[in-house]
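Spelled out from the first residue to the last, the chains are:
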Amino acid sequence: MTETNKIQHNEQARREAVLAIAKQMSGRNEPPFACVRTYGCQQNVADSERIKGQLSEMGYQFTDDTEEADLILFNTCAVREHAELKVYGNVGALKHLKAEKPDMLIILCGCMMQQETVQQQIKRKYKHVDIVFGPSMFSELPIMMKSALEKREKIFTRDEIPVIAEDIPVLRDDAHKAWVSVMTGCNNFCTYCIVPYVRGRERSRSSKEIIKEIRGLVQEGYRDITLLGQNVNSYGKDLEGELDFADLLRAINDIEGEFWIRFTTSHPKDCSLKLLDTMAECDKVCNQLQLPFQSGSNRILKEMNRNYTAESYYSLIEYARKVMPDVVITSDVIVGFPGETEEDFQCTLDLVEKVGYDNLYTFLYSKRTGTKAATAENQVDEKIKKERFNRLLALQHSNCLAKNKEMEGKDYTVYVESLSKNNPKMLSGKTMGGKTVDFKGDPSMIGSFCEITVTKAKSWSLDGKIKE
Ligand code: SAH
Ligand code: SF4
Ligand code: F3S
């Protein structure tokens, strides 16, 4: 077992490794199969599209079936314990495959794998794994695979590449919607969160590269483009002379063509009025704001190191609604942070009630080793956490329905995404605000914009019909 020498991003070495593997693989009767599974957030989904792009360049074809695969790669998440346990279970289940096919490659990457304790555990208990690396290293996959294949050695590395590699081939999951990562990493160190430890410090891509990528996507026919970053609205702060996030949105908005731009996730402390004004002024920027508040209690927000108060957060919401009356607002919230009292939790319910979110991503606090909150002694009892969680869900459930009811009878432009998951005889479209509408229409409409009227509101989606 070896630790790799410090790997630096080197495009030429990457290309050479791709060619060497492609040559090695071309001697086979048919292209090898790769099975790539992605856990966690959209950033991981976007990274996996670049992982698949590189595998495709090496000559791999893809399967969802691990039994059929010659290469299995799990791109993992560390944000909650549950996500990690799922990965351990799924990796354990691959043991018999490796025993039957010793030449296959089992690769684990992504946020969970950046942690030293996880790598130690994999070395100790999951000896069938070949390559392990963290989230900044996916561009170096061919180099690591070449080494593992040629030298028959295992590779475990926690190296981090301080730049976001450009020009990595990408195999997108969807022909109409695209993810574009604009920055990665986080400098905020919220006391519950593992992300800054596994994703490293904030790194932004140059706006020129981002605009070049989006121009290409629009030319290829992509109409719904989501900009990604752990703190997307602190884009550019790490690069001298670079645009700020609001100006980046404006520059993207100026790209010719009919398309929509969304972005996620924003931190309230970096959500400037300029950004909200820019959203309101730019016609291609969607009226959708995902603004996590985490807790409604100022005492807990301080403990979380969030750098805003419930009042300053709410004034952002008021401003957003003033400049974009139809803005769709969603958020993340954590229940059961250490020391959360019934009174603190009531402040969370109050804020949820007052804002009236369109949707809420609710999380039970999960202890992450290495974070400040994990060592707190006043952890909340599991039963109390769950009971509060259920009360929050019930409140949000009625809020969601009330918000959707406001849309009944009104007309919206939707981007037609696919056949409906609820009923394959229907089409499924997204409004600019990100709401899903199912309606009857011809499948040839997929990939285009269409005017619909909302006929019925449900809790998590809407029914509609093509506007007469
Ligand atoms: N950067 C984004 C969120 C990234 S993680 C932001 O700051 O808003 C996505 C969500 O996971 C967070 O918003 C938070 O609500 C949740 N989360 C993160 N760590 C968690 C933990 N230890 N337990 C429970 N939820 C957590
Ligand atoms: Fe985690 Fe906070 Fe960074 Fe979001 S801002 S990724 S919650 S540390
Ligand atoms: Fe998970 Fe990493 Fe995203 S920890 S939530 S995959 S940034």
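Quick caveat: nothing in here was measured; it's all calculated off a predicted structure. In every chain, residue numbers begin from 1 and rise along the written sequence. Going through the entries in the order they are written, you letter the chains from A and number the ligands from 1. Per-residue local features of the predicted model are confined to residues with pLDDT of at least 70, and side-chain atom pairs are confined, for both listing and counting, to 80 or more; whole-chain, interface and lining totals are unaffected and use all residues. To obtain the side-chain values, all non-hydrogen atoms of the structure were included, while hydrogens and water were left out.

Concerning empty space enclosed by the protein
Logical step 1: In this analysis the probe radius is 1.4 Å and the grid spacing 1 Å, with only protein atoms considered; a cavity is a set of points the probe fits into but cannot get out of, a pocket is an open set with protein on both sides within 12 Å along at least five of seven lines, and lining residues have an atom within 4 Å of a point. Grid points are joined across faces, edges and corners, and a volume is the space filled by probe spheres set on the points. Tallying each qualifying case throughout the model produces two cavities of 30 Å³ or more.
Logical step 2: Of the volumes computed, that of the largest cavity is approximately 270 Å³.
Logical step 3: Runs of E in the DSSP output that reach at least two residues are strands. Runs of H or I that reach at least four are helices, and both are numbered from the N terminus. Ranked by the residues each element gives to the lining of the largest cavity, the list is headed by helix H2 (residues 42-57), at four residues.
Logical step 4: Amino acids outside the nonpolar list (Ala, Val, Leu, Ile, Met, Phe, Trp, Tyr, Cys, Pro) and the charged list (Asp, Glu, Lys, Arg) are all regarded as polar, and Gly is one of them. The class makeup of the residues in the lining of the largest cavity is seven nonpolar, five polar and seven charged.
Logical step 5: Note that the domain bounds were set by an automatic or database domain assignment. In this structure, the lining of the largest cavity is formed jointly by two domains, domain 1 (11-156) and domain 2 (174-286), each of which donates at least three residues.
Logical step 6: As a volume, the second largest cavity reaches approximately 30 Å³.
Logical step 7: Around the second largest cavity, the lining residues are Asn44, Asp47, Ile51, Asn75, Cys109, Gly110, Phe133, Gly134, Pro135, Phe138 and Arg199.
Logical step 8: Where the lining of the second largest cavity is concerned, the elements lending two or more residues are H2 and strand S4 (105-110).

Digging into the packing of aromatic side chains
Logical step 1: Stacked, tilted and edge-to-face pairs are distinguished by plane angle, under 30 degrees for stacked and over 60 for edge-to-face with tilted covering the rest, among Phe, Tyr and Trp rings (Trp via its six-membered ring) whose centres lie within 6.5 Å. In total, this model carries 11 aromatic pairs according to the counting rule given.
Logical step 2: Note on Tyr192 and Phe337: the rings are 6.3 Å apart at their centroids and 85 degrees apart in plane angle, and the pair reads as edge-to-face. Pair noted here: Tyr192 is in the loop between strand S8 (183-184) and helix H7 (195-199) and Phe337 is in the loop between strand S13 (328-335) and helix H13 (342-355), with a separation of 145 residues, a long-range link.
Logical step 3: Exposure remark for Phe337: the relative accessible area of 3% places this residue in the buried category.
Logical step 4: Ring centres 6.0 Å apart and planes at 35 degrees place the aromatic pair Tyr308 and Tyr313 in the tilted group.
Logical step 5: Accessibility expressed as a relative area gives 9% for Tyr308, which makes it buried.
Logical step 6: Only protein chains enter the accessibility calculation, which uses a 1.4 Å probe; a residue whose area is less than 20% of its type maximum is buried, one above 50% is exposed, and one in between is partly exposed. Note on Tyr313: relative accessible area 1%, which makes it buried.
Logical step 7: Here, over-ring charges are defined by two tests on the NZ atom of lysine or the CZ atom of arginine: distance to the ring centre within 6 Å, and angle to the ring normal within 35 degrees. Sitting over the ring of Tyr314, Lys354 keeps its end group 4.2 Å from the ring centre.

Brief notes about the domain arrangement of the protein chain
Logical step 1: Taken as a whole, the protein chain is organised into domain 1 (11-156), domain 2 (174-286), domain 3 (288-406) and domain 4 (411-466).
Logical step 2: Using only C-alpha atoms to locate each centre, domain 2 and domain 4 end up separated by 26 Å.
Logical step 3: Contacts between the two partners involve 13 residues from domain 2 and, on the opposite side, 12 residues from domain 4.
Logical step 4: Salt bridges are counted wherever a side-chain nitrogen of Lys or Arg sits within 4 Å of a carboxyl oxygen of Asp or Glu. Here domain 2 and domain 4 share one salt bridge between them. Between two residues, a contact is recorded if the distance between any of their heavy atoms is within 4.5 Å.

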